[in-house]
Amino acid sequence: MTAGSDYQRLRAHLGFLRMTAAAEALPGLLDEAAKAKLSNQAFLERLLAVEVDSVDERRRAALGRFASLPSPFTLADFDYSAQPSVDPKLIAELGTLRFMEDATNVLLIGPPGVGKTMLAVGLGHAAVAAGMRTYYTTAADLAARCHRAALEGRWATTMRFYAGPRLLIIDEVGYLPLPAEAAAALFQVVSQRYLKGSIALTTNLGIASWGKVFNDDPMVAGAMLDRLLHRSVVLNIDGDSYRMRSHRARAETTRKALR
Ligand code: ADP
Ligand code: MG
């Protein structure tokens, strides 16, 4: 058996196993190994490490695309001085993602512009970076998708879809009143994730007014809140809108310039 045919067969094995990164790196690594007189073990480790890195990167990129996070902001981008009602220690603790181990939910409650979506999305990026399947949706999109699924006979598949991710972000609950059917869909998504997978949910409604989102159906609202809150971290964010803040600052500068 010649070295040449060994090499050819090794290439073929790597091709068969779809280890493209290792196959590409093979000639270079063989040269290096010969020059540095690497042991068989050390050579094999380097070759496999190349493949592991490449698969890992591909998986992470796929997780990132799947997550559909609407902005690139991470928890590190959050400006705590602008929002004193948000405790940096609590966010740091959430950022460790330990809350996901026992399917704890995170509820972010507050008026528009205070950073609820930013924090939820920041948690999403942290989860993706940790290799966890994450999915972002707004309540309105979830409702629309479930509505289509019901019409097209894909209800069960769609429910499984929302049960799948380790972290499900449901943004903007309560901005629009949900018709009974949509409320039922949201209720089912929350129920089937109960104690199995975390939900990060943002809402502009205080918990007391949740009946309003659900078509004035206090039964559904109550049952859903029960499940959401059983294991949960609730962040009540009050304070000024960040958007309005920069808007006000700009207006102030303009006013001063005019004076
Ligand atoms: P909400 O979801 O509560 O309506 P967002 O998270 O969408 O608010 O925040 C509105 C805008 O202000 C976004 O562009 C967000 O990145 C920014 N923002 C809000 N709060 C902060 C903050 N504390 N630090 C940095 N940017 C912030
Ligand atoms: Mg928002």
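The sections below set out a description of the structure shown in this document. (Residues numbered from 1 in each chain as written. Chains lettered and ligands numbered in written order. Predicted model: local features only at pLDDT ≥ 70, side-chain atom pairs only at ≥ 80, totals over all residues. Heavy atoms only, no water.)

## Observations concerning the overall build of the protein
Applied cut-off: The helix count covers DSSP runs of H or I at least four residues long, the strand count covers runs of E at least two residues long, and both are numbered beginning at the N terminus. Computation of the radius of gyration draws on C-alpha atoms alone. For the globule rule, the value is 2.2 Å times the number of residues to the power 0.38. Residue exposure (1.4 Å probe, protein chains only): buried if accessible area is under 20% of the type maximum, exposed if over 50%, otherwise partly exposed. In this description, contact between two residues means that some pair of their heavy atoms is separated by no more than 4.5 Å. All accessible-area figures derive from a Shrake-Rupley calculation using a 1.4 Å probe, and residue coverage is judged against the displayed protein chains alone. Positive charges come from Lys and Arg, negative ones from Asp and Glu, while His and the chain ends are left out of the count. We put the charge of a Lys on NZ, of an Arg on CZ, of an Asp on CG and of a Glu on CD.
Assigned secondary structure in the protein consists of 11 helices and five strands. Scaling as 2.2 N^0.38, a compact globule of 259 residues should have a C-alpha radius of gyration of about 18 Å, whereas the protein reaches 25 Å, well beyond that. Dimensions of the protein along its principal axes, counting C-alpha atoms only, are 80 × 60 × 30 Å. Looking at the protein residue by residue over its 259 residues, the buried ones come to 36%. Pairs at least 24 residues apart make up 78% of the contacts formed inside the protein by residues separated by at least 6 positions. Just so you have it, the protein exposes about 14600 Å², and 58% of that area is on carbon and sulfur atoms. Here the protein contributes 31 positively and 26 negatively charged side chains, and the mean placements of these two sets differ by 2 Å.

## Some words on the packing of aromatic side chains
Note the following rule: Pairing of aromatic rings covers Phe, Tyr and Trp, the last counted by its six-membered ring, and requires centre-to-centre distances within 6.5 Å; plane angles under 30 degrees mean stacked, over 60 mean edge-to-face, and any other angle means tilted. We count a charge as sitting over a ring when the NZ of a lysine or the CZ of an arginine lies within 6 Å of the ring centre and within 35 degrees of the ring normal.
Tallied over the full model, the rule gives six aromatic pairs. Residues Phe78 and Tyr80 carry aromatic rings whose centres are separated by 5.2 Å and whose planes lie at 70° to one another, so their mutual orientation is edge-to-face. Three or more aromatic residues joined by ring pairs make a cluster, and in this case those are Phe66, Tyr135, Phe161 and Tyr162. In this arrangement the basic side chain of Arg133 is found over the ring face of Phe66, its NZ or CZ atom lying 4.0 Å from the centre.

## Details of helix 3 (residues 40-67)
Put simply, the rule is: To estimate the expected span of a helix, subtract one from its residue number and multiply by 1.5 Å.
A rise of 1.5 Å per residue sets the reference length of helix 3, with its 28 residues, at 40 Å; its end C-alpha atoms lie 40 Å apart and thus fit the reference within 8%. Residues of helix 3 that are buried include every one of Phe43, Leu47, Glu51, Leu63 and Ala67, and no others. Where helix 3 is buried, its residues meet helix 1 (3-16), helix 2 (20-35), helix 5 (116-129) and strand 2 (134-138). With its phi angle positive at about 55°, Ser68 sits one or two positions after the end of helix 3.

## A word on the sheet that holds strand 4 (residues 198-203)
The line we're drawing: Strand pairing requires that DSSP identify at least two bridges connecting the strands. Between the N-to-C directions of two axes lies an angle of 0 to 180 degrees, each axis being a line fitted to C-alpha atoms and, for a helix, fitted only over the stretch in contact.
Reading across from one edge, 2-3-4-1-5 is the order of the five strands in this open sheet, with parallel pairing throughout. Both outer strands of the open sheet, strand 2 and strand 5 (232-236), are each paired with one neighbouring strand and no more. Here the average twist between neighbouring strands, direction ignored, is 10°. The pairing of strand 1 (residues 105-109) with strand 5 spans five bridges and is parallel. Looking at the pairing, Leu108 lines up with Leu235 of strand 5. Across the face of the sheet, helix 4 (residues 88-95) comes into contact with strand 1 and strand 5 while running at roughly 145° to strand 5.

## Description of the packing of helix 6 (residues 139-151) against helix 8 (residues 180-193)
Inclusion rule: Every angle not falling under 35 degrees, over 145, or within 65 to 115 is termed oblique; those three ranges are roughly parallel, roughly antiparallel and roughly perpendicular.
Closest axis-to-axis distance for the helix 6/helix 8 pair is 9 Å, and the angle between their directions is 100°. One finds that helix 6 runs roughly perpendicular with respect to helix 8. Contact with helix 6, carried on its side by Leu142, Ala143, Cys146, His147 and Ala150, involves Glu181, Ala182, Ala185, Leu186 and Val189 of helix 8 and no other residues of that element.

## With respect to helix 4
The condition is simple: Polar contacts here mean pairs of N or O atoms no more than 3.5 Å apart (in protein, one a potential hydrogen donor and the other a potential acceptor; neighbouring residues in sequence count only if both atoms are side-chain atoms).
Here helix 4 starts with a cap whose side-chain oxygen sits 3.0 Å from the backbone nitrogen of Lys89, and that cap is Asp87. Leu97 sits one or two positions beyond helix 4 and adopts a positive phi of about 65°.

## Side note on the pattern of salt bridges
Condition: When a carboxyl oxygen of Asp or Glu is within 4 Å of a side-chain nitrogen of Lys or Arg, the pair counts as a salt bridge.
For the structure shown, the criterion picks out five salt bridges. Two residues, Asp6 and Arg9, come together in a salt bridge whose shortest N-O distance is 3.3 Å. Taken as a pair, Asp6 and Arg9 lie in helix 1 at a separation of three residues, close to a single helical turn. In this structure Asp6 comes out as partly exposed when scored by relative accessible area, which is 39%.

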